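Here is what each chain is made of, one letter per residue.
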Amino acid sequence: MTQQVALLTRHDKARLIAPALSQLPWQVSEIQSFDTDALGSFSAERPRFMSPNECALRKAALAAELSGLDIGLGSEGSFSPGPYGLGTYNLELLCCVNIAQGWAVTGRFYGPSMAQQWQLTNLAQLQQALTQVPAGQHLLLQQGSRIDKALTAQQAYQLGSTLLAQGALTLSYDLRAHLSPERQIHIANAAADLQQRILSLCPACATPGFWPDKAIPGLPCAACATATSLTLHKLACCQRCQFSTTQAVAARYAEPQYCPECNP
Ligand SMILES: [Zn+2]
Ligand SMILES: [Zn+2]
């Protein structure tokens, strides 16, 4: 039986996520009456006051509430410096709430992004920066308090060359989902993760989202068997009945370099 599901979005995301959710008996429709930018936006015109997880859950609950349907979906993307401060990483979350059955499951993608920002003072720099932007990626130009959004590379070049006559400017990616092909792929990956998690049911009560995502440290040192901070096993715990199982990681011992005794 097909189930109606509501997605809170203004950026045409249903089309992006539908293929990755094809094993679920869902018909996804979009709720566009709510301005999701009120929850914070990429260009920082409004500050974010919730964590990405809270934001995705809030949007999913709003989708169910505003549509009157049992199941709501909310998507939330964020960008931050990568591991060791290198590059930019994109976290995409897709949260599903079922208010009739009382559960919430969040799919995620976390990986490197090509997103960049350039401070430009001349036309040669603008041309050079634009050669690094992948096809289809839209751009933002900022000069003082002026911001021009959703520009194609061609438009960014034309407007940028005019603005540069008046001074320096900043060129950056417009990271809204409908304007960023890379983000669209990442959102689809988060949807695929969500589908896997929803299809994974609690062995005791069949609530969706039974997933080994909690890392328990204590992998023993190979030299002296002292417990290290590396993951020993992963715990799955049912959000409804608290049934839990642990799953051992592939490694049986930690290298002594991670040991608090051998390498303090
Ligand atoms: Zn359960
Ligand atoms: Zn040791």
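It should be noted that the structure appears before, not after, this text.
This structure is a prediction, so every number in the text was calculated from the model and none was measured.

A. A look at the coordination of the zinc ion (ligand 2). For the zinc ion (ligand 2), every protein donor is listed as Cys221 (SG), Cys224 (SG), Cys259 (SG) and Cys262 (SG), and the spread of their distances is 2.3 to 2.4 Å. With four donor atoms in place around the zinc ion (ligand 2) and angles of 104 to 114° between them, the coordination shape is tetrahedral.

B. Main features of the pattern of salt bridges. In the structure shown here, the tally under the stated rule is six salt bridges. The shortest N-O distance in the salt bridge between Lys59 and Glu76 comes to 2.7 Å. A residue pair is termed long-range when its members are at least 10 positions apart, and Lys59 in helix α2 (residues 52-67) and Glu76 in strand β3 (residues 71-81) qualify at 17 residues. Each member of the pair, Lys59 together with Glu76, is buried. Here Arg176 makes a salt bridge to Asp174, at a shortest N to O gap of 2.7 Å. Given the relative accessible area of 3%, Asp174 is considered buried. Several salt bridges converge on common partners, so that one network encompasses Asp193, Arg197 and Asp213.

C. Looking closely at the packing of aromatic side chains. Following the criterion strictly, the structure yields three aromatic pairs and no others. Taken together, a centroid distance of 5.9 Å and an interplanar angle of 35° make the contact between Phe210 and Phe243 tilted. Here Phe210, found in the loop between α5 (181-199) and β10 (214-217), pairs with Phe243, found in the loop between β11 (231-237) and β12 (244-248); they are 33 residues apart in sequence, far enough to count as distant.

D. Structural detail: the sheet that holds strand β1 (residues 3-8). Taken in spatial order, the five strands line up as β2-β1-β3-β4-β5 in an open sheet, and their pairing is mixed. Only two strands of the sheet have a single neighbouring strand rather than two, namely β2 (26-31) and β5 (103-113). Ignoring strand direction, the axes of neighbouring strands in this sheet form an average angle of 25°. Summarising the sheet, strand β4 (residues 88-98) and β5 pair through eleven bridges and their orientation is antiparallel. Bridge pairing in β5 links Leu93 to Arg108.

E. Spatial organisation of the environment of Lys149. Assignment of secondary structure puts Lys149 in strand β8 (residues 146-151). Accessibility expressed as a relative area gives 32% for Lys149, which makes it partly exposed. Separated by 49 residues in sequence, Lys149 and Ile198 have C-alpha atoms that sit 36 Å apart.

Rules used in this analysis
Residues numbered from 1 in each chain as written. Chains lettered and ligands numbered in written order. Predicted model: local features only at pLDDT ≥ 70, side-chain atom pairs only at ≥ 80, totals over all residues. Heavy atoms only, no water. Donors = N, O, S within 2.8 Å, 3.2 Å for Na, K, Ca; no water. Tetrahedral: all angles 85-135°; square planar, octahedral: opposite > 155°, others 65-115°. Salt bridge = Lys/Arg side-chain N within 4 Å of Asp/Glu carboxyl O. Helix = DSSP H or I, 4+ residues; strand = E, 2+ residues; numbered from the N terminus. Buried < 20%, exposed > 50% of the residue type's maximum accessible area, 1.4 Å probe, protein only. Phe/Tyr/Trp six-rings, centres within 6.5 Å; stacked < 30°, edge-to-face > 60°. Pairing = 2+ DSSP bridges. Axes fitted to C-alpha atoms, helices over the stretch in contact; angles between N-to-C directions.

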